[in-house]
Amino acid sequence: MANAADRVYAAIRARIENGAYPSGRRLKEEELAEELGVSRTPVREALRRLRNDQLVRFVPNRGAFVTAWSVEDADQIFVLRSLLEAYAAELASEKITEAELLRLQELAHEIDAAAQQRSEANHRRIAVLNNEFHRMVLAAAHSRRLEETVSWLVELPLVLQTLERFDDADLQRSCSQHHELIAALRARDRRWASAVMRAHILAARNIYLQAPWDKPGG
């Protein structure tokens with residue numbers, strides 16, 4: 001049963017993160033069980049785990065729904081990330097390895113390539129690659145507690161919603177900031193790395209908050 005629940009959990013989480021199950025969607029146990037070829041028991045267990053991850057919420061007498069963020073929720077997530085990830089960039093500037101720098105460079109180039117063509121599929125790809133980029137910086141900080149805390153705050157669906165509000169100039173600036181951050185990390189400059197990361201996240205915050213109020217939960 002644990003193996004089945006693990007597989008179902010991974011499948012549903014992936015669909016939430018890539019936008020296949022959008023914010024606010026109802027997750028019916030019987031439909032998920034049929035779609036994934038399992039009984040309802042592992043689905044129920046997977047949904048409980050996703051609730052603990054803050055990706056699913058339960059509404060009394062209605063069932064499970066993909067989490068939707070209010071404007072205030074989103075604002076707090078961005079602000080907390082800007083503070084914690086800026087600190088992670090500081091730590092990473094002192095500890096990052098050449099192999100990690102090379103991987104960050106690869107990810108930045110992949111994001112650049114995906115950003116050349118605006119489409120829903122490419123937005124999802126950029127969101128996934130961007131998540132890996134930020135997680136790589138976190139890993140390079142070599143602080144397990146910090147990594148766990150920030151990982152809880154990074155919500156891929158929220159990142160995807162933000163990317164969908166970027167215009168071409170916003171997307172180009174975000175890509176340039178990735179490369180500037182790599183340069184700061186390579187220079188081992190704590191203040192520079194921290195400033196770039198903070199500006200990078202706060203720029204995304206401002207775009208999200210200034211967009212028309214059609215966001216789930218807004």
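**Student:** Which parts of the structure should I look at to understand the overall build of the protein?
**Tutor:** The helix and strand tally for the protein stands at ten helices and three strands. Listed by position from the N terminus, the elements making up the protein come as α-β-α-α-β-β-α-α-α-α-α-α-α. Taking 218 residues into account, the globule formula puts the C-alpha radius of gyration at 17 Å, and the protein, at 18 Å, falls close to it. In terms of overall dimensions, the protein has C-alpha extents of about 55 × 40 × 30 Å along its principal axes. Counting the 218 residues in the protein, one finds 47% classified as buried. Sequence-distant contacts, at least 24 apart, represent 75% of the contacts inside the protein between residues at least 6 apart. Summed over its atoms, the accessible surface of the protein is roughly 10800 Å², and 50% of this surface lies on carbon and sulfur atoms. Each charge sign in the protein was given a centre, from 31 positive and 32 negative side chains, and these centres are 4 Å apart.

**Student:** Would you explain empty space enclosed by the protein in this entry?
**Tutor:** Remark: the empty space left among the atoms is shown by a probe the size of a water molecule rolled over them. Applying the stated criterion across every chain yields a total of three cavities of 30 Å³ or more. In this structure, the largest cavity occupies an estimated 190 Å³ of space. For the lining of the largest cavity, the elements supplying multiple residues, two or more each, are helix 4 (71–95), helix 6 (120–141), helix 8 (156–163), helix 9 (168–186) and helix 10 (190–210). The greatest single-element share of the lining of the largest cavity, amounting to four residues, is contributed by helix 9. For the lining of the largest cavity, the per-class residue count stands at ten nonpolar, six polar and one charged.

**Student:** Is there a simple way to explain the nonpolar core in this structure?
**Tutor:** Soluble, globular proteins show a tendency: their nonpolar side chains are buried together. In this structure, Leu104, Phe133, Val137, Leu181 and Leu185 are the most contacted members of the largest nonpolar core, which totals 40 residues. Among the elements that line this core, the one with the most residues is helix 10, at eight residues. In this structure leucine 181 touches Ala89, Phe133, Val137, Ala193, Val196 and Met197, once residues within four positions along its chain are discounted. Counting 16 residues, the second-largest nonpolar core is a separate cluster that includes Ile12, Ala33, Ala46 and Ala64.

**Student:** Explain the packing of helix 6 against helix 7 (residues 144–153) here, please?
**Tutor:** Axis angle and axis distance: for two packed helices, these are the angle between their axes and the distance between the axes, and together they describe the pair. It is at 8 Å that the axes of helix 6 and helix 7 come closest, and there the two elements cross at 160°. The angle between helix 6 and helix 7 falls in the class roughly antiparallel. Two packed elements cross with a definite hand, and for helix 6 against helix 7 that hand is right-handed. Facing Arg135, Leu138 and Ala139 of helix 6, the residues of helix 7 in contact are Leu146, Glu147, Val150 and Ser151. Among the residues making up the contact of helix 6 with helix 7, the classes are represented as four nonpolar, one polar and two charged.

**Student:** Help me understand the pattern of salt bridges in this model?
**Tutor:** Any two side chains of opposite charge can pair if their charged atoms end up close together. All told, the structure shown has 19 salt bridges when counted by the stated rule. Among the salt bridges present, the one from glutamate 31 reaches lysine 28, with a minimum N-O distance of 3.9 Å. On the accessibility criterion, glutamate 31 (41% relative accessible area) is partly exposed. Here lysine 28 falls in the partly exposed class, since its relative accessible area comes to 31%. Measuring nitrogen to oxygen at the nearest pair gives 3.4 Å for the salt bridge that ties glutamate 110 to arginine 103. According to the relative accessible area criterion, arginine 103 is partly exposed, its value standing at 23%.

Here is what the cut-offs are and how they apply
Residues numbered from 1 in each chain as written. Predicted model: local features only at pLDDT ≥ 70, side-chain atom pairs only at ≥ 80, totals over all residues. Heavy atoms only, no water. Helix = DSSP H or I, 4+ residues; strand = E, 2+ residues; numbered from the N terminus. Rg over C-alpha atoms; globule rule 2.2 N^0.38 Å. Buried < 20%, exposed > 50% of the residue type's maximum accessible area, 1.4 Å probe, protein only. Contact = heavy atoms within 4.5 Å. Areas by Shrake-Rupley, 256 points an atom, 1.4 Å probe, with all protein chains shown as cover. Lys, Arg positive; Asp, Glu negative; His and termini not counted. Charge placed at Lys NZ, Arg CZ, Asp CG, Glu CD. 1 Å grid on protein atoms, 1.4 Å probe; cavity = no way out; pocket = protein on both sides within 12 Å on 5 of 7 lines; lining within 4 Å. Points joined across faces, edges and corners; volume = space filled by probe spheres on them. Nonpolar A, V, L, I, M, F, W, Y, C, P; charged D, E, K, R; others polar. Core = buried A, V, L, I, M, F, W, Y, C linked by side-chain atoms within 4.5 Å. Axes fitted to C-alpha atoms, helices over the stretch in contact; angles between N-to-C directions. Parallel < 35°, antiparallel > 145°, perpendicular 65-115°, else oblique. Left-handed = near helix turned anticlockwise from the far one by under 90°. Salt bridge = Lys/Arg side-chain N within 4 Å of Asp/Glu carboxyl O.

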